[in-house]
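# Secondary and tertiary structure notes
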Amino acid sequence: EAGVAQSPRYKIIEKRQSVAFWCNPISGHATLYWYQQILGQGPKLLIQFQNNGVVDDSQLPKDRFSAERLKGVDSTLKIQPAKLEDSAVYLCASSSRLGVNTEAFFGQGTRLTVV
Amino acid sequence: AQSVSQHNHHVILSEAASLELGCNYSYGGTVNLFWYVQYPGQHLQLLLKYFSGDPLVKGIKGFEAEFIKSKFSFNLRKPSVQWSDTAEYFCAVNGRGATNKLIFGTGTLLAVQP
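Throughout what follows, the structure given in this document is the object of discussion.

What counts, and at which threshold
- Residues numbered from 1 in each chain as written.
- Chains lettered and ligands numbered in written order.
- Predicted model: local features only at pLDDT ≥ 70, side-chain atom pairs only at ≥ 80, totals over all residues.
- Heavy atoms only, no water.
- Helix = DSSP H or I, 4+ residues; strand = E, 2+ residues; numbered from the N terminus.
- Contact = heavy atoms within 4.5 Å.
- Areas by Shrake-Rupley, 256 points an atom, 1.4 Å probe, with all protein chains shown as cover.
- Lys, Arg positive; Asp, Glu negative; His and termini not counted.
- Charge placed at Lys NZ, Arg CZ, Asp CG, Glu CD.
- Disulfide = S-S within 2.5 Å.
- Buried < 20%, exposed > 50% of the residue type's maximum accessible area, 1.4 Å probe, protein only.
- Core = buried A, V, L, I, M, F, W, Y, C linked by side-chain atoms within 4.5 Å.
- Buried area = accessible area lost by both parts, 1.4 Å probe.
- Salt bridge = Lys/Arg side-chain N within 4 Å of Asp/Glu carboxyl O.
- Nonpolar A, V, L, I, M, F, W, Y, C, P; charged D, E, K, R; others polar.
- Phe/Tyr/Trp six-rings, centres within 6.5 Å; stacked < 30°, edge-to-face > 60°.
- Pairing = 2+ DSSP bridges.

## Some points on the overall build of chain A
Scanning chain A from terminus to terminus reveals 0 helices and 11 strands. Along the first, second and third principal axes, the C-alpha set of chain A runs to 40 × 25 × 25 Å. Of all intrachain contacts in chain A linking residues separated by at least 6 positions in sequence, the fraction that spans at least 24 positions is 53%. Only carbon and sulfur atoms are counted for the fraction: they give 48% of the accessible area of chain A, which is about 5,600 Å². Taking the average place of the 13 positive charges on the side chains of chain A and the average place of its 10 negative ones, the gap between the two points comes to 4 Å.

Next up, the structure:
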C-alpha cells in the first residue's frame, strides 16, 4: 500500500514569513498526527485528528501554528509568522483508528529551516 | 500526564556486542508500547510493538523487547548488533484512553563500529 505522503521535503524561509506543509495519509486511516522533531530530540506531538475533528492540540502553539483536515483525508499545517526556533522536521503520521491496537505510519517529513 | 523516558542518549558499540536500550513510561492506564527506528536519511519505521499477551515481543532484524508492567519499562534488546543497526531508536507509548496520544521519548543514537 502507498505510504504517508508529505510535501515539500525541504523548505527554507526567512523569519516572519509563512509556510504550509501538506500531508496525505494512508488511504482509509482515520487518525492523523503532526509532530515536530527538533534536531537531537524525539518527535513532539503538535496535533492529532480523528477524521476531520481535533482530538488533541494541547502542544500546538496556536498563536502561530494552525492545522486543518478538511473532509477527513489530507491535512495542512501552517506556520505564520515563523520564528527561528521553528526550524525542525515536521512529521505526519496516520493510523487506522483511534483507541484500537494499531501502529502509526510516518511520512518522510518536511525539513524546515528558518533563517 | 503521559511521558516516556529514554536513559541512553548516545550508545557506541562494536559489532557483535549485545545491546539493551532502556525505556520507561508514565501513564495511569493500559498502554500500547512501540519501538521505532530511524536510519540515516530515512523516515521513522516500526521496529516492534506490544499490545497485549506475551510481554516478550520480537520485532524485525533480530530485535526484541520486554514489557515489565511493574517497572513501567519496555527495554529494547539485541544479542549481537551489526554495523547496519546504526540508527536512532525511539520508544513510544500510547495510552488506551479517550485521546490515544502517541508520545515519544527523546531517542537513543546508536553507533555500531565495524
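Moving on from the coordinates now.
## Some thoughts on the state of the cysteines
Considering all chains together, one arrives at 2 disulfides over all chains under this definition. Here Cys-23 of chain A engages in a disulfide with Cys-92 of chain A; their sulfurs sit 1.9 Å apart. Disulfide Cys-23 of chain A to Cys-92 of chain A: torsion about the S-S bond roughly -70 degrees, handedness left-handed. On the criterion of sequence distance, the pair formed by Cys-23 of chain A in strand β3 (residues 19-24) and Cys-92 of chain A in strand β9 (residues 88-95) is long-range, its members being 69 residues apart. With a relative accessible area of 0%, Cys-23 of chain A lands in the buried category. The side chain of Cys-23 of chain B participates in a disulfide bridge whose partner is Cys-91 of chain B; the two sulfur atoms lie 1.9 Å from each other. On the sign convention where negative means left-handed, the S-S torsion of about -65 degrees between Cys-23 of chain B and Cys-91 of chain B marks this disulfide as left-handed. Pair noted here: Cys-23 of chain B is in the loop between β3 (19-21) and β4 (24-26) and Cys-91 of chain B is in strand β10 (residues 87-95), with a separation of 68 residues, a long-range link. Across this residue pair, the class does not change: Cys-23 of chain B and Cys-91 of chain B are buried.

## Focus on the nonpolar core
Residue and element names in this part refer to chain B. Formed by 29 residues in total, the largest nonpolar core has its most connected members in Leu-19, Leu-33, Trp-35, Leu-48, Phe-74, Leu-76 and Tyr-89. Taken together, the elements giving at least two residues each to this core come down to β2 (10-14), β3, β5 (31-38), β6 (45-50), β8 (64-68), β9 (73-78), β10 and β12 (108-113). Those residues in contact with Leu-33 that sit more than four places away from it in its chain are Tyr-25, Leu-48, Lys-49, Tyr-50, Phe-67, Phe-74, Ala-92 and Val-93.

## As for the interface of chain B and chain A
Contacts between chain B and chain A engage 21 residues on the former and 24 residues on the latter. Taking both sides of the interface into account, the surface hidden between chain B and chain A amounts to around 1,700 Å²; carbon and sulfur atoms contribute 52%. Our enumeration of links across chain B and chain A arrives at 2 salt bridges. A salt bridge links Lys-49 of chain B to Glu-103 of chain A, with the nearest nitrogen and oxygen atoms 2.6 Å apart. For the side of chain B that touches chain A, the elements supplying multiple residues, two or more each, are β5, β6 and β11 (102-104) of chain B. Across the side of chain B that touches chain A, the residue classes tally to 9 nonpolar, 9 polar and 3 charged.

## Structural notes on the packing of aromatic side chains
Applying the stated criterion to the full structure yields 15 aromatic pairs over all chains. Ring geometry for Phe-106 of chain A against Phe-104 of chain B: centres 5.7 Å apart, planes inclined by 80 degrees, an arrangement best described as edge-to-face. Of the two residues, Phe-106 of chain A is situated in strand β10 (residues 105-106) and Phe-104 of chain B in strand β11; the pairing between them involves two chains. Seen in terms of ring centroids, Phe-63 of chain B and Tyr-89 of chain B are 5.6 Å apart; in terms of plane orientation they differ by 40 degrees. Their pairing is tilted.

## Quick word on the pairing of strand β11 (residues 110-114) of chain A
All names here are of chain A. Of the two faces of β11, only one is covered, namely that formed by Thr-110, Leu-112 and Val-114; the face formed by Arg-111 and Thr-113 stays uncovered. Here strand β2 (residues 10-13) runs beside β11; their pairing, made up of 4 bridges, is parallel. When the sheet's bridge partners are listed, Tyr-10 is paired in β11 with Arg-111.

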